[in-house]
Amino acid sequence: MEKTITVIRGDGIGPEIIGQALRVLRKIEETSGCTFHFQEALAGGCAIDACGTSLPEETLQKCLNCDSVLLGAVGGPKWDGVPKEIRPEAALLGLRAAMGLYANLRPARLFPQLAAASPLRAEIAERGVDLMMVRELTGGVYFGEHRTGIENGGLTAHDDMVYTEREIERIVRRGFETARKRSRRLTSVDKANVLDTSRLWRKVAHRVAEAYPDVAFSDLLVDNAAMQLVKDPAQFDVIVTENLFGDILSDEASMITGSIGMMASASLGDGPRGMYEPIHGSAPDIAGKDLANPVGTILSAAMMLRYSFGMAGEADRIERAVSAVLDAGYRTADCMSVGCTRLTCSEMGERILRELC
Ligand code: IPM
Ligand code: MG
């Protein structure tokens, strides 16, 4: 089997964490008989510097003509002043839209070894966190019309939030399908007491639910969901929600696991091709210092093997290697606790590689 992977290192700590994930993928190559062809592409701030835009056409073409994309992180204060159309974030949104990646899967799992790093009280953290956020990724307010102008004598801004029945249906289905492979519980999160888009969301979700009688289904208002996530996160299995709510709730969910640096994500469409990236940002303050946590990126590479390449066994191997390294008490600075051994980014990559043998 041969797979072409477009590698976008991006900005800040992106190049360092991607470097470690590539070492892991090369190791998998040696032992699995699968050949990976890596093609590098520029996106984000470094692409603005080199090409004048955060998503050069060449990068887009590489992403559209490969088997999957592995991305580090984009953005940084250096590009805060650039016009919004070419901001580093625009590259992410552009890739999601152009590749049709409407389903963003963000697992939030509290590694038992890291329970002490969770900001939750011990008796809540001990009950565990193991949920999957299924976030709609190509609709809603992110992709509605944005404009600012003078209206009635004052500056006024609009961000349109739009959802079609079709967009809601396909992501809710993805939520149910995901729940079927886990503990068969799905919570749909909306704001149906206020928003029309949410009222449509709820109506469609209930209709889709009829086809999944084997999955326990419930709705939750987004404000209540934010509260329940810190009060009793163990109640959740799969959460499906629209783009903006998913953006916010997935940061909250990752934080309660105590280790945003460990969190991976997959963005998928209808086919096997996806884009895989850690959910944390480019952390410019620690960039180039070999301090970053590469685990979120390494676990994203594992998700790529599982979801895009049908290599679940190899994905399991990577996840087990990460767990073994944590069991042995090795940590990067972001999730260090007393009695553990602190590693640099490259040392963490090295430890995980050794466990993979
Ligand atoms: C994320 C990020 C992006 C988003 C930003 C960088 C555009 O926060 O992937 O969650 O809001 O989707
Ligand atoms: Mg976000």
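Residues numbered from 1 in each chain as written. Chains lettered and ligands numbered in written order. Predicted model: local features only at pLDDT ≥ 70, side-chain atom pairs only at ≥ 80, totals over all residues. Heavy atoms only, no water.

Attention now moves to the domain arrangement of the chain. We note that the domain assignment places domain 1 (1-105 + 265-357) and domain 2 (119-256) within the chain. Between the C-alpha centres of domain 1 and domain 2 there is a distance of 25 Å. Across the contact, 15 residues belong to domain 1 and 16 residues belong to domain 2. Across the domain 1 to domain 2 interface the summed buried area is about 1300 Å²; carbon plus sulfur atoms make up 62%. Counting the surface domain 1 buries against domain 2, the share from its top three residues, Tyr102, Asn104 and Leu105, is 47%. At the boundary of domain 1 with domain 2, the tally comes to zero salt bridges. (Domains from an automatic or database assignment. Contact = heavy atoms within 4.5 Å. Buried area = accessible area lost by both parts, 1.4 Å probe. Salt bridge = Lys/Arg side-chain N within 4 Å of Asp/Glu carboxyl O.)

Take the packing of helix H8 (residues 222-231) against helix H9 (residues 243-256) next. For the pair H8 and H9, interaxial distance at closest approach is 10 Å and the crossing angle is 10 degrees. Relative to H9, the element H8 is oriented roughly parallel. Between H8 and H9, the contacting residues are Val222, Ala225, Ala226, Leu229 and Val230 on the first element and Phe245, Leu249, Glu252, Ala253 and Ile256 on the second. Residues of the contact of H8 with H9, tallied by class, amount to nine nonpolar, no polar and one charged. (Axes fitted to C-alpha atoms, helices over the stretch in contact; angles between N-to-C directions. Helix = DSSP H or I, 4+ residues; strand = E, 2+ residues; numbered from the N terminus. Parallel < 35°, antiparallel > 145°, perpendicular 65-115°, else oblique. Nonpolar A, V, L, I, M, F, W, Y, C, P; charged D, E, K, R; others polar.)

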